[in-house]
Amino acid sequence: MFKSIKIFSNKRILIFLFSFLLVDMVIGQDAMINIQSRNAISLNGQWNVIIDPTGVGEWLQVWLEKRPQKKTDFFEYSFDGGPVLKVPGDFNSQKSELTFFEGTVWYRKKFNYTIQNEKRLFLHFGAVNYIADVYLNGEKLGIHEGGFTPFQFEITNKVKSGINSIVVKTNNVRQKNGLPGLGYDWFNYGGITRDVNIIETGKTYIQDYSIQLKKGSLNTVSGWIQLDGLQLEQKIEIKIPELNIQYKTKSDKKGLAPVDFSSGFELWSPENPKLYKVIIKSETDSVSENIGFRNIEVKEGKVLLNNHPIFLKAVNIHEENPYKGARAYSRDDANLLLKAAKELGCNLVRLAHYPHNENMIREAERMGLMIWSELPVYQHIDFADSTVPVKMDRMLGEMIRRDKNRCGVVVWSLSNETYPSTPNRDKALVELTKKCKALDSVRLITHVINSQKYLSNSFELWDTLYRHSDLVSINEYAGWYVPWQGKPSDVKWKVVCPEKPVFISEFGGEALFGSDYGPADEAAYWTEEYQEKIYIDQVKMFNTVPNLSGVCPWLLFDYRSLSRLHPVYQKGYNRKGLLSEKGDKKKAWYIMKVYYNKK
Ligand code: GCB
């Protein structure tokens, strides 16, 4: 294989490197929203792939898909005749030789197209983990970094009539300056993990819009609509037929139209997840989707939904189909996870620790589950690296852009368990919080923290980052990582922001379903009884928490994690699930269910 590398002369290598640097400047464009309502050609299905453990495909320029022209020509790669993978879907769970693979897989898909002059075309990716280099017909469109948010490239003048070919280099190698960084306790599923579509629009189209209730209001919508194209000044109408609303506005020279109207909405809540069909029509485009209206606030140490205090009965969920041991992406996957959360009695799901696919968000909203969406700013983030704040900003923008019209989303969580002593941590996260508020003034913002002291049966929450959170979110593993320091019902609390609501965003411990592995009072045997006792004690402790506004067990299902090495009990799984990966209910499930029923 390496013989072929020698055929590159030094000059060719230099030209190649230079062109590589130049095209690499193009990063994925901001993705349009609500692709469900657009004219789309799905590129889901079987893609040809080249598995490239050493990254040699870069030198071979596999995106050129060269074929022998002369009798003496040969090329040491080919998409044809090689393996195929399903898109969407992670590559690790599709081929046993890729189970633990963290590296490069090249994907190729051909599609037929007939050019229509009045159309614009966009190649839209739901997500690729972690870095995607995208080529069309041998030309580089650009790159995107970040495994959990959408991006697109306009291909209007690049597509040809007839057969076109898309090549995507996916690479899921952990990056020291990545989001997340090198270490994390979930499975690093790589590849094209979400839908791929080609979207057709008119020359000027509705690119983005924000339609939600104004902060503090139960009846006034405040928002905007953004057009993109040549004919930016247009008359625009928003219709909500069920409410007889026909609101008219106009876009300015920049294509931006203000939105401001009032109505007597039936408000969205977990008990009544009411959504209205909303139609947005400009002179050149029209989109529609189901949108709900609700108000979320914190006041006097409480969380208020539609002006009423609400206790957040939550559960943590990773984006994994437990039965398949694969990245979740479909509506069915979403239903499997969310129905279990509903059965537990939840009204909120914390979608840990990165933005989940849109099916999760839309299904949760439809089912009456509030949503906590989080950035993968997790533990070992290299805040001192100058590229990290830039990546955080971009990912924040992508997360909010996609889901800002989902009334179900009530919390943007900007970080989880970052280390207070990391250089530049506070500055970077305070800046990020300001940017989040500027993009979305409506939802709650939080940083999840586990830097508290737990001594003499007293918790001290001292981290000043809480000053920049609407919720004081604490991960604590009393009874598991940290032994109880006294009676759970006697725990004392000192909180740096005593006026704010407190949310226990993680607690729990591990158990292997089936119990009889050893003494119930010894952690090292992973018994269900040991986990159950942690839950019984935690529930007692909850009564001691000032301003307790919700709790969130870690977590719903056992899930795959390469950090979990115990060969008898863990077998590559984090066993803190209330349910096993097969869906068996552990004893702790029932403790939580009873607690939520009473709340
Ligand atoms: C945590 C992390 C979560 C881990 C969990 C655990 O504090 O936030 O991602 O997986 O603990 O199981 O240790």
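Quick caveat, the model's predicted, so the values are computed rather than measured. (Residues numbered from 1 in each chain as written. Predicted model: local features only at pLDDT ≥ 70, side-chain atom pairs only at ≥ 80, totals over all residues. Heavy atoms only, no water.)

Q: Would you explain the side chain of His318 in this entry?
A: If you trace the backbone, His318 turns up in the loop between β21 (312–317) and β22 (320–321). Judged by relative accessible area, which is 5%, His318 ranks as buried. At a separation of 3.3 Å, a polar atom in the side chain of His318 contacts the main-chain carbonyl oxygen of Ala352. Ignoring sequence-local partners within four residues, the contact set of His318 consists of Asp185, Trp186, Leu337, Ala352, His353, Tyr354, His356, Trp554, Leu555 and Tyr559. (Helix = DSSP H or I, 4+ residues; strand = E, 2+ residues; numbered from the N terminus. Buried < 20%, exposed > 50% of the residue type's maximum accessible area, 1.4 Å probe, protein only. Polar contact = N/O pair within 3.5 Å; in protein donor to acceptor, adjacent residues only side chain to side chain. Contact = heavy atoms within 4.5 Å.)

Q: Is there a simple way to explain helix α4 (residues 331–344) in this structure?
A: Since the α-helix advances by 3.6 residues per turn, residues separated by three or four positions end up pointing in the same direction. Across its 14 residues, α4 extends 20 Å between first and last C-alpha, which sits within 8% of the 20 Å expected from 1.5 Å per residue. Of the positions making up α4, those classed as buried are Asp333, Ala334, Asn335, Leu337, Leu338, Ala340, Ala341 and Leu344. Of the residues that open α4, the one with a side-chain oxygen 3.4 Å from the backbone nitrogen of Asp332 is Ser330. Just downstream of α4, Gly345 is the residue with a positive phi angle, here 100°. (Expected span 1.5 Å × (residues − 1).)

Q: Teacher, can you tell me more about the confidence of the model for the protein chain here?
A: In low-pLDDT segments, the atomic positions of the prediction should not be examined closely. Residues at a pLDDT of 70 or more form 96% of the protein chain, whose mean pLDDT is 95. The low-confidence segment residues 1–25, where pLDDT is below 50, has 25 contacts with residues more than four positions distant or belonging to other chains. (pLDDT = per-residue confidence, 0-100.)

Q: Where do I start with the UniProt feature "domain: Glycosyl hydrolases family 2 sugar binding" (unreviewed entry) in the protein chain in this structure?
A: The UniProt record annotates "domain: Glycosyl hydrolases family 2 sugar binding" (unreviewed entry) at residues 93–200. As a span, residues 93–200 carries 0% helix and 44% strand, and end to end its C-alpha atoms are 32 Å apart. (UniProt positions renumbered as here; feature names shortened; annotations may be inferred.)

Q: I tried to follow the nonpolar core on my own but got confused; where do I start?
A: Inside soluble globular proteins, nonpolar side chains tend to come together where they are buried. Judged by nonpolar contacts, the single largest core of 73 residues is most densely connected at Ile317, Val349, Trp493 and Val551. Two domains each put at least three residues into this core: domain 1 (26–201) and domain 3 (310–598). If sequence neighbours within four positions are ignored, Trp493 has contacts with Phe459, Leu461, Ile474, Ile504, Met541, Thr544, Val545 and Pro546. The next biggest cluster of nonpolar side chains, apart from the first, holds 29 residues, and it includes Leu43, Leu123, Ile192 and Val196. (Core = buried A, V, L, I, M, F, W, Y, C linked by side-chain atoms within 4.5 Å. Domains from an automatic or database assignment.)

Q: Would you mind showing me how to read the packing of helix α8 (residues 528–542) against helix α9 (residues 587–598) here?
A: Geometry of a packed helix pair, given as the angle between the helix axes and the separation of the axes. At a closest axis distance of 7 Å, the pairing of α8 and α9 adopts a crossing angle of 20°. As judged from the angle between their axes, α8 and α9 are roughly parallel. In this structure, α8 crosses over α9, and the sense of that crossing is right-handed. Residues Glu528, Glu529, Gln531, Glu532, Tyr535, Ile536, Val539 and Phe542 of α8 touch α9, and the partners they reach there are Lys587, Ala588, Ile591, Met592 and Tyr595. Residue composition of the contact of α8 with α9, by class: eight nonpolar, one polar and four charged. (Axes fitted to C-alpha atoms, helices over the stretch in contact; angles between N-to-C directions. Parallel < 35°, antiparallel > 145°, perpendicular 65-115°, else oblique. Left-handed = near helix turned anticlockwise from the far one by under 90°. Nonpolar A, V, L, I, M, F, W, Y, C, P; charged D, E, K, R; others polar.)

Q: In this structure, what is going on with helix α7 (residues 425–439)? I would like to understand it.
A: Counted at 1.5 Å a residue, the expected span for α7 with its 15 residues is 21 Å, and the 21 Å between its end C-alpha atoms agrees. In this structure, the buried residues of α7 make contact with α6 (387–403), β26 (409–416) and β27 (444–449).

Q: When you look at the pairing of β21 in this model, what are you seeing that I'm missing?
A: For a regular strand, side chains alternate in direction, first toward one face of the sheet and then toward the other. With respect to burial, β21 is a largely interior element, six of its six residues being buried. Side-chain alternation along β21 places Leu312, Ala314 and Asn316 on one buried face and Lys313, Val315 and Ile317 on a second face that is also buried. By the bridge criterion, two bridges tie β21 to strand β33 (residues 548–551) in an arrangement that is parallel. Its bridge partner being in β33, Leu312 is matched across the sheet by Gly550. Where β21 and strand β24 (residues 348–351) come together, four bridges link them in parallel fashion. In the sheet register, Asn316 faces β24, and the bridge partner there is Arg350. (Pairing = 2+ DSSP bridges.)

Q: In this structure, what is going on with the UniProt feature "domain: Glycoside hydrolase family 2 catalytic" (unreviewed entry) in the protein chain? I would like to understand it.
A: Per the UniProt entry, the sites bearing "domain: Glycoside hydrolase family 2 catalytic" (unreviewed entry) are residues 296–535 in this numbering. As annotated, residues 296–535 comprises 27% helix and 26% strand, and the C-alpha atoms at either end are separated by 29 Å.

Q: Any chance you could explain the sheet that holds strand β31 (residues 492–495) here in plain terms?
A: Backbone hydrogen bonds hold the strands of a sheet together, and the pairing may be parallel or antiparallel. With mixed pairing, three strands are arranged side by side in an open sheet as β28-β29-β31. A single partner strand is all that each edge strand has here, and the edge strands are β28 (453–455) and β31. Ignoring strand direction, the axes of neighbouring strands in this sheet form an average angle of 15°. When β28 meets strand β29 (residues 458–461), the two strands line up antiparallel, connected through three bridges.

Q: Quick question: what am I supposed to make of the state of the cysteines here?
A: Every disulfide links exactly two cysteines, by a covalent bond between their sulfur atoms. Within this structure, the stated rule accounts for zero disulfides. Among the cysteines around Cys407, which has no disulfide bond, Cys436 carries the closest sulfur, lying 17 Å off. Looking at Cys497, it has no disulfide partner, and the nearest cysteine sulfur is the one in Cys436, 17 Å off. Classification of Cys497 as buried rests on a relative accessible area of 3%. (Disulfide = S-S within 2.5 Å.)

Q: Just checking my understanding: could you explain the pattern of salt bridges for this structure?
A: Oppositely charged side chains may form a pair once their charged atoms are brought near each other. All chains considered together, the criterion is met by 46 salt bridges. Between Asp30 and Arg401 there is a salt bridge, and its shortest N-O distance comes to 3.9 Å. Here Asp30, found in the loop between α2 (10–23) and β1 (39–42), pairs with Arg401, found in helix α6; they are 371 residues apart in sequence, far enough to count as distant. For Asp30, a relative accessible area of 39% puts it in the partly exposed group. (Salt bridge = Lys/Arg side-chain N within 4 Å of Asp/Glu carboxyl O.)

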